[in-house]
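Chain by chain, the residues run as shown.
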Amino acid sequence: MEFSQLKQIIDTARDILVGKLPSPIAQVDALSYALIYKFMSAIDDDSAALGGKRSYFSGEYEKYSWHNLMDSTVNGSDRVLLYREALEKMSRNPNIPPLFREIFNGATLTFNDPHTLNLFLREIDKIKRGDNDSIGDAYEYLLSTMSAQGKLGQFRTPRHIIDFMVEIVDPQKTEKILDPACGTAGFLISAYKHIRRNNSSDGARLNSDDIEKLHKNFYGFDIEPNMTRLARVNLYLHGFKAPNIIEHDTLSSEDYWDDKYDVIIANPPFMSPKGGIVPHKKFSISSNRAELLFVDYIASHLKPNGRAAVIVPDGVLFGSTTAHKALRKEIVENQKLTAVISMPSGVFKPYAGVSTAILIFTKTNSGGTDKVWFYDMKADGFSLDDKRSAIKANDIPDILKRIKHLDGEQDRKRTEQSFFVDKTEIVDNNYDLSINKYKEIEIEKIDYPPTEEILADIEKLNQEVADNLAELKKLLNATNSDL
């Protein structure tokens, strides 16, 4: 099923619910229950089609199966009672995974209107589980509609920016991948799809053992319990039986500090709480700012030749504190900083108007940065206002094309949209990584007439103004005399 169709189904389902459930959080909960319900039914269908037994809806829970729920002989009022009873009992169903029992704990149907429920469930019924993980994709889109957690500095990363960053770091099927501030696991899902897509040809198709090993290579941390729960469900619905999503304070806890990764992709929190972060002592910089500590964490947890793509607020690029400078020095001197991609400030609207950039670097432990490639992204395919409507202008394809062939960028001038800057110049500028520090603006030369001609024109204009004022005075005097 095409993603546009899934998007339309979720949007329509939310529109159906809005009259009974005006709260966006209540709508997300209702949709989450329905999608997981449908997912479990689809798993049972797959098992039965292969000659096996239904497991999720069996025994005393068989009567709650999706097929029984949607049976045309069930009237509207009975469907309301059956669905409410199923939601309330599902957390005690011994046949479903513990994660799903956790999700359904406290679940119920909070309205009694049969017409609304019928319309809602019919929309969900349109989603068919197939090879493209339709139910998982629908859930992922649902999560993307949730409001940003502004107080935590968490802003939803647009799907196309996530896919763009994943394309740049190009994760492979044998690599260990981490998002240390994973939220709902958008980066991990995108990386997983990227690997599956790049191993879909007959000669390189992943078998069941490959996929099982692949699942074990994905890791996500988040400090917020609800985010870790949603991330685990998101991965589960995409086929991960035991998602490695851990509730973990990446900055304050030393747990997992010795773990290293081949690829780290992240959009970590930009804001620090009042009083700052209280980090442990293993960071290479001394700071209580979340955005600095996360970048330092990422640099510290890459394996040799490991690759990172991380979104940072512009302040990280040019901040003048000791910690800012130390962090940039670490990235330039002890990593190979490949690129700084400056993004337009509207990328995170309507949630925030903060200006950001993407840092792309590789772990070397012995330097390696000789030149840094800068790109001034002016458009990402969407308007930069709160509506974020699709537009034709889009620099992302150009960036992907150029970053894969950087040898061809050597002769670009600094008046162009992308260019190289030597490491020595960056060092001389206190490791400043803001593109405006190095970009040159080409000023068009305008040939003006000689000074005496300009003065003569001004004198002529002044005389014309004086003549007009004299004429106006005569007219006013004549008018007054007539009165």
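Above this text you will find the structure in question.
Below: a short report on this structure. (Residues numbered from 1 in each chain as written. Predicted model: local features only at pLDDT ≥ 70, side-chain atom pairs only at ≥ 80, totals over all residues. Heavy atoms only, no water.)

**Here's the deal with the pattern of salt bridges**
Applying the stated rule across the entire model yields 20 salt bridges. Between Arg289 and Glu291 there is a salt bridge, with its nearest N and O atoms 2.7 Å apart. Ionic pairing is found between Lys378 and Asp376, a salt bridge with its closest N-O pair at 3.0 Å. Residues joined in a network through salt bridges with shared partners are Asp398, Arg402, Glu409, Arg412 and Glu416. (Salt bridge = Lys/Arg side-chain N within 4 Å of Asp/Glu carboxyl O.)

**Re the packing of aromatic side chains**
The full count for this structure, using the stated rule, is 18 aromatic pairs. For the pair Tyr37 and Tyr83, a centre-to-centre distance of 5.6 Å together with 45° between the ring planes defines the contact as tilted. Placement of Tyr37 in helix 2 (residues 24–49) and of Tyr83 in helix 4 (residues 76–89) is noted, with a sequence separation of 46 residues between them. Their ring planes at 20° and their centres at 6.0 Å tell us that Phe374 and Phe419 sit as a pair that is stacked. Pair noted here: Phe374 is in strand 8 (residues 371–376) and Phe419 is in strand 11 (residues 418–422), with a separation of 45 residues, a long-range link. What makes Phe419 buried here is its relative accessible area of 0%. What links up through ring pairs into an aromatic cluster is the set Tyr37, Phe57, Trp66 and Tyr83. Taking NZ or CZ as reference, Lys176 lies 5.2 Å from the ring centre of Tyr219, over its face. Its guanidinium or amino end placed over the ring of Tyr261, Lys176 lies 4.9 Å from that ring's centre, counting from NZ or CZ. (Phe/Tyr/Trp six-rings, centres within 6.5 Å; stacked < 30°, edge-to-face > 60°. Helix = DSSP H or I, 4+ residues; strand = E, 2+ residues; numbered from the N terminus. Buried < 20%, exposed > 50% of the residue type's maximum accessible area, 1.4 Å probe, protein only. Lys NZ or Arg CZ within 6 Å of the ring centre and 35° of its normal.)

**Some thoughts on the sheet that holds strand 11**
Pairing within the open sheet is mixed, and its 9 strands lie in the order 3-2-1-4-5-7-6-8-11. Both edges of this open sheet fall to strand 3 (244–247) and strand 11, since each of them pairs with a single strand only. This sheet shows a mean twist of 15° between the axes of neighbouring strands, independent of strand direction. Two elements, strand 1 (residues 177–179) and strand 4 (residues 261–266), share 2 bridges in a ladder whose sense is parallel. When the bridges of strand 4 are listed, Leu178 appears paired with Ile264. Where helix 11 (residues 225–237) meets the sheet, its contacts fall on strand 2 (218–222) and strand 3, and the angle it forms with strand 3 comes to roughly 170°. (Pairing = 2+ DSSP bridges. Axes fitted to C-alpha atoms, helices over the stretch in contact; angles between N-to-C directions. Contact = heavy atoms within 4.5 Å.)

**A look at the side chain of His238**
With respect to the helices and strands, the residue His238 is situated in the loop between helix 11 and strand 3. Classification of His238 as buried rests on a relative accessible area of 1%. A distance of 2.8 Å separates a polar side-chain atom of His238 from the backbone oxygen of Asn234. (Polar contact = N/O pair within 3.5 Å; in protein donor to acceptor, adjacent residues only side chain to side chain.)

**Regarding the packing of helix 2 against helix 7 (residues 134–144)**
The contact between helix 2 and helix 7 brings their axes to 10 Å, and the two run at 170°. When the axis of helix 2 is compared with that of helix 7, the two are roughly antiparallel. Contacts between helix 2 and helix 7 pair Val28, Leu31, Ser32, Leu35, Lys38, Phe39 and Ala42 from the former with Ile135, Ala138, Tyr139 and Leu142 from the latter. The residue inventory of the contact of helix 2 with helix 7, partitioned by class, reads 9 nonpolar, 1 polar and 1 charged. (Parallel < 35°, antiparallel > 145°, perpendicular 65-115°, else oblique. Nonpolar A, V, L, I, M, F, W, Y, C, P; charged D, E, K, R; others polar.)

**As for the pairing of strand 7 (residues 356–363)**
Most of strand 7 is tucked away: 8 of the 8 residues are buried. Burial along strand 7 is two-sided: the residues Thr356, Ile358, Ile360 and Thr362 and Ala357, Leu359, Phe361 and Lys363 are all buried. For strand 5 (residues 302–313) and strand 7, the ladder comprises 7 bridges, and the chain directions are antiparallel. The partner of Val312 across the bridge, within strand 7, is Ala357. As paired elements, strand 6 (residues 335–343) and strand 7 share 8 bridges and run antiparallel to each other. Opposite Val340, over in strand 7, you have Leu359 as the bridge partner.

**Considerations on helix 1 (residues 3–17)**
Taking 1.5 Å as the rise per residue, helix 1 with 15 residues should run 21 Å; its terminal C-alpha atoms sit 21 Å apart, in good agreement. Within the sequence span of helix 1, burial applies to Leu6, Ile9, Ile10, Ala13, Arg14 and Leu17. Each buried residue of helix 1 lies within a common arc of 130° when the element is viewed along its axis, so the set occupies one face. Every exposed residue of helix 1 that faces more than 90 degrees away from the buried side is listed here: Ser4, Gln8 and Asp15. Its buried side turned inward, helix 1 meets helix 2, helix 6 (114–125) and helix 7. (Expected span 1.5 Å × (residues − 1). Arc of directions from axis to C-beta.)

**Focus: the pairing of strand 11**
Most of strand 11 sits out of view: 4 of its 5 residues are buried. Here 5 bridges tie strand 8 to strand 11, and the two strands are oriented antiparallel to one another. Within strand 11, the residue paired with Lys371 across the bridge is Asp422.

**Some thoughts on the environment of Arg414**
Structurally, Arg414 can be placed in the loop between helix 15 (396–403) and strand 11. Residue class for Arg414 comes out buried when judged on its relative accessible area of 18%. For the pair Arg414 and Lys213, spaced 201 residues apart in sequence, the C-alpha separation works out to 45 Å. Residues in contact with Arg414, not counting those within four places in the same chain, are Phe419, Phe420, Val421, Glu425, Tyr438, Lys439 and Glu440. A polar side-chain atom of Arg414 sits 2.6 Å from a polar atom in the side chain of Glu425.

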